[in-house]
Amino acid sequence: MFTNSILDTIDVRVAKGRMFEDLEGNQGDADSALWARVPGHLAPSAATLAIFGDYVSGSVSQPIGLRVMGRSLDKHASGSSAATHRVGVCDIRIHAIIDGYAQGNAFLWSQDGELLATASQSMGVRLWPGEGPPGR
């Protein structure tokens, strides 16, 4: 099956947290982290760093323990002038989940430990279709 999504070409691996298939309804940590790498055909830039900032919405699944979708209500990304590095770690922290809304931040680090950018996102949160607490 062919899709035309940038997310299909980015190399991302869980460094802290759970994979979607491991979410079974048990609440987890609000902090998670991803190893991420810009694909070779994309030059590192503020735009590619902003893409990694979008992983904040997916990380809402970690503390809830169920797969969720996030629709961005407000997003902000700030980067350094050193956006020539390929990202190493996306350190994501979910600060609040209340009445179907969430807010979190991401800190984007280079492989050599330099802070490249920060991102914040507020979003509406909904369960994936067919997702729900175990035994429902």
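Structure's up top.
Below is a summary of the structure that appears in this document. Owing to the predicted nature of the structure, the values given are computational and were not obtained by experimental measurement.

## Some words on the packing of aromatic side chains
Point 1. For the structure on display, the rule yields one aromatic pair.
Point 2. Here the aromatic rings of Phe52 and Tyr55 are separated by 6.2 Å at their centres, their planes lie at 25 degrees, and the arrangement is stacked. Of the two residues, Phe52 and Tyr55, both sit in the buried class.

## Here we look at the environment of Val89
Point 1. With respect to the helices and strands, Val89 occurs in strand β4 (residues 87-98).
Point 2. Distance in space between the C-alpha atoms of Val89 and Leu115 is 9.6 Å, their sequence separation being 26 residues.
Point 3. The residues contacting Val89, other than those within four sequence positions of it, are Ala33, Leu34, Trp35, Phe107, Leu108 and Trp109.

## Points about the nonpolar core
Point 1. Of all hydrophobic cores here, the largest spans 22 residues; its most connected members are Phe52, Val60, Val87, Cys90, Ile92 and Leu108.
Point 2. Residue assignment for this core shows that the elements contributing at least two residues are β2 (31-37), α1 (46-53), α2 (55-58), β4, β5 (101-110) and β6 (115-127).
Point 3. In terms of residue count, the dominant contributor to this core is β6 (five residues).
Point 4. If we ignore the near neighbours within four places in the chain, the residues touching Phe52 are Ile10, Ala36, Arg37, Val38, Val87, Cys90 and Leu108.

## Some details on α1
Point 1. Those residues of α1 lying buried are Thr48, Leu49, Phe52 and Gly53. Projection of α1 onto a plane perpendicular to its axis shows the buried side chains occupying an angular sector of 160 degrees, all on one side.
Point 2. For α1, the secondary structure elements touched by its buried residues are β2, α2, β4, β5 and β6.

Thresholds applied
- Residues numbered from 1 in each chain as written.
- Predicted model: local features only at pLDDT ≥ 70, side-chain atom pairs only at ≥ 80, totals over all residues.
- Heavy atoms only, no water.
- Phe/Tyr/Trp six-rings, centres within 6.5 Å; stacked < 30°, edge-to-face > 60°.
- Buried < 20%, exposed > 50% of the residue type's maximum accessible area, 1.4 Å probe, protein only.
- Helix = DSSP H or I, 4+ residues; strand = E, 2+ residues; numbered from the N terminus.
- Contact = heavy atoms within 4.5 Å.
- Core = buried A, V, L, I, M, F, W, Y, C linked by side-chain atoms within 4.5 Å.
- Arc of directions from axis to C-beta.

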